[in-house]
Amino acid sequence: RLGICVDTCHVFSAGAIINTIEGTKQYFEDFDKLIGKEQLVLFHINDSKKPLNSRKDKHEGLGHGYIYNKDMGGDMKALMTLTQYAKKNKIPMVLETHGGASANVEEKNEGNFKDEINTLKIFAASNASKSSKASKASKASKASKASKASPSKSSKASKASPSKASKSSKSSKSKTKMVLIRKKK
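Residues numbered from 1 in each chain as written. Predicted model: local features only at pLDDT ≥ 70, side-chain atom pairs only at ≥ 80, totals over all residues. Heavy atoms only, no water.

This part takes up a negative patch on the surface. On the surface, a cluster of negative charge is made up of Glu29, Asp30, Asp32 and Glu38. Tracing the backbone shows Glu29 in helix H2 (residues 21-34). According to the relative accessible area criterion, Glu29 is partly exposed, its value standing at 43%. (Patch = residues over 30% accessible without salt bridge, like charges linked within 9 Å, V, L, I, M, F, W, Y side chains within 5 Å. Areas by Shrake-Rupley, 256 points an atom, 1.4 Å probe, with all protein chains shown as cover. Salt bridge = Lys/Arg side-chain N within 4 Å of Asp/Glu carboxyl O. Lys, Arg positive; Asp, Glu negative; His and termini not counted. Charge placed at Lys NZ, Arg CZ, Asp CG, Glu CD. Helix = DSSP H or I, 4+ residues; strand = E, 2+ residues; numbered from the N terminus. Buried < 20%, exposed > 50% of the residue type's maximum accessible area, 1.4 Å probe, protein only.)

Below you can see the structure in the form of structure tokens.
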């Protein structure tokens, strides 16, 4: 078995405009024409510390980089578009982000995996046209960003979000596999 894995940071740093809804849709249209969507078997989901076409593979947490952070020219709705595409085509997703992706980090610095997984679950369980859920997930991502400065805000955000995400994902008929991997440095 052989297939293609699309890593969001890789394609963005190579020049693919996936930080907008339109750009993400166009990327998958082009991918299907050139390669065929049936060849796409996996997504590595992450944000990018480096700007578009930088040719630098520097992963960042979701909503904290150039792909999905509004202040850096990104859009979390582009992530929702990608997640919906993965769900529709039954393509598994692997969360491959910063910080906690290292096996040797201190417990207090394990990244924002819970919030990031929640965001992906919310997106997978919603319709792409429902921007209110994208807004909620974006707020959860911002809350996780604030967790670096204030742990109490993060714990409140992660306590509120998981129940919503699990209810939504349970009602979803076709679930997208999400796998957490830990990289060794």
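Turning to helix H3 (residues 76-88), a few remarks are in order. When the terminal C-alpha atoms of H3 are compared, their 18 Å separation across 13 residues agrees well with the 18 Å that a helix rising 1.5 Å per residue should span. Of all the residues in H3, the buried ones are Met76, Ala78, Leu79, Met80, Thr81, Leu82, Thr83, Gln84, Tyr85, Ala86 and Lys87. Where H3 begins, the side chain of Asp75 points an oxygen toward the backbone nitrogen of Lys77, at a separation of 2.9 Å. Positive backbone phi, at 55°, marks Lys90, one or two positions downstream of H3. (Expected span 1.5 Å × (residues − 1). Polar contact = N/O pair within 3.5 Å; in protein donor to acceptor, adjacent residues only side chain to side chain.)

Our focus in this paragraph is unusual backbone geometry. Unusually for a residue other than glycine, Arg55 sits at a positive phi of about 65°. Considering the arrangement of structural elements, one finds Arg55 in the loop between strand E3 (47-48) and strand E4 (59-60). Arg55 sits in the exposed class, given a relative accessible area of 58%. In the Ramachandran plot, Lys90 falls in the positive-phi region, its phi being about 55° despite a non-glycine side chain. Tracing the chain through its elements places Lys90 in the loop between H3 and strand E5 (93-95).

As a further point, take the packing of aromatic side chains. For the structure shown, the criterion picks out five aromatic pairs. When the centroid spacing of 5.3 Å and the interplanar angle of 75° are considered together, the rings of Tyr27 and Phe28 count as edge-to-face. Of the two residues, Tyr27 and Phe28, both sit in the buried class. Ring centres of Phe43 and Tyr85 lie 6.5 Å apart, and the angle between their planes is 80°; this geometry places the pair in the edge-to-face category. Taken together, the residues span a long stretch of sequence, with Phe43 in strand E2 (residues 40-45) and Tyr85 in helix H3 at a distance of 42 residues. This pair shows no difference in class: Phe43 is buried, exactly as Tyr85 is. (Phe/Tyr/Trp six-rings, centres within 6.5 Å; stacked < 30°, edge-to-face > 60°.)

Moving on to helix H4 (residues 113-125). Taking 1.5 Å of rise per residue, the 13 residues of H4 would be expected to cover 18 Å, and the 18 Å separating its terminal C-alpha atoms lies within 8% of that figure. Of all 13 residues making up H4, ten are buried, and the element is well covered by its neighbours. Taken as a whole, H4 has its buried residues at Phe113, Asp115, Glu116, Asn118, Thr119, Leu120, Ile122, Phe123, Ala124 and Ala125.

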